[in-house]
Amino acid sequence: EADIYQTPRYLVIGTGKKITLECSQTMGHDKMYWYQQDPGMELHLIHYSYGVNSTEKGDLSSESTVSRIRTEHFPLTLESARPSHTSQYLCASSETRTNYGYTFGSGTRLTVV
Amino acid sequence: GIQVEQSPPDLILQEGANSTLRCNFSDSVNNLQWFHQNPWGQLINLFYIPSGTKQNGRLSATTVATERYSLLYISSSQTTDSGVYFCVRGTSYGKLTFGQGTILTVHP
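Note that the structure is predicted; figures quoted are calculated from it, not measured.

Rules used throughout
Residues numbered from 1 in each chain as written. Chains lettered and ligands numbered in written order. Predicted model: local features only at pLDDT ≥ 70, side-chain atom pairs only at ≥ 80, totals over all residues. Heavy atoms only, no water. Disulfide = S-S within 2.5 Å. Helix = DSSP H or I, 4+ residues; strand = E, 2+ residues; numbered from the N terminus. Buried < 20%, exposed > 50% of the residue type's maximum accessible area, 1.4 Å probe, protein only. Polar contact = N/O pair within 3.5 Å; in protein donor to acceptor, adjacent residues only side chain to side chain. Contact = heavy atoms within 4.5 Å.

1. Examining the state of the cysteines
All names here are of chain A.
1) Next: Summed over all chains, the structure comprises two disulfides over all chains.
2) Next: There is a disulfide in this structure between cysteine 23 and cysteine 91, and the S-S distance comes to 1.9 Å. In this structure, the disulfide formed by cysteine 23 and cysteine 91 twists by about -75 degrees around the S-S bond and is classed as left-handed. In this pair, cysteine 23 sits in strand β3 (residues 19-25) while cysteine 91 sits in strand β9 (residues 87-94), placing the two residues 68 residues apart along the sequence.
3) Next: A relative accessible area of 0% places cysteine 91 in the buried class.

2. Quick notes on the side chain of B:Thr62
All names here are of chain B.
1) Next: Among the structural elements, threonine 62 can be located in strand β7 (residues 59-64).
2) Next: Within the structure, the side chain of threonine 62 is placed 2.9 Å from the side chain of threonine 53, a separation counted as a polar contact.
3) Next: Each residue touching threonine 62, except ones within four places of it in the same chain, is listed here: Ile49, Gly52, Thr53, Tyr69, Ser70, Leu71 and Tyr73.

This is the structure we're talking about:
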């Protein structure tokens, strides 16, 4: 059973709304990540964090922002949602000392209408 | 950056059949992983396989780093094997770069 939790699982919202996608992990991992998955399946890194108060933008440009105030919590926020933000968002964490040991959350499927 | 190419893009099998999925990468890679995404979207790490061969039940993986490819073998496939299989390159900073994936459908 995965020890990383994402809420909500599905979200349909109107254009212009502010939303926050929640991600929490109970494994004490320092590294956390947000990936965006297009309908064509490929995942792209949009944000990552190496620890508290550390956040970096990923390989794919995104209008979302993230924060890391606590080790276990890595929320993603969209200040003003648009239809182009419709996608699947996956949160992940990994062990500090190794370059594997990834755990993914179940994802949030966001639809902006 | 390093390109990760997977083949075939789609694969349809009857239950019990064997299959091989391939991943080619454009430059040397010292962190190569295979993931499975089930039809409900959950991603599971199958193998960390920078080189050599590993086996886990009906699945095994081989990476030949000098020739820049990796193979994932699925034997005696089951319907629960359906989903998308990703070949993934990891960096020293922990970030992952995903291939395009292979969609596997196993029919009963």
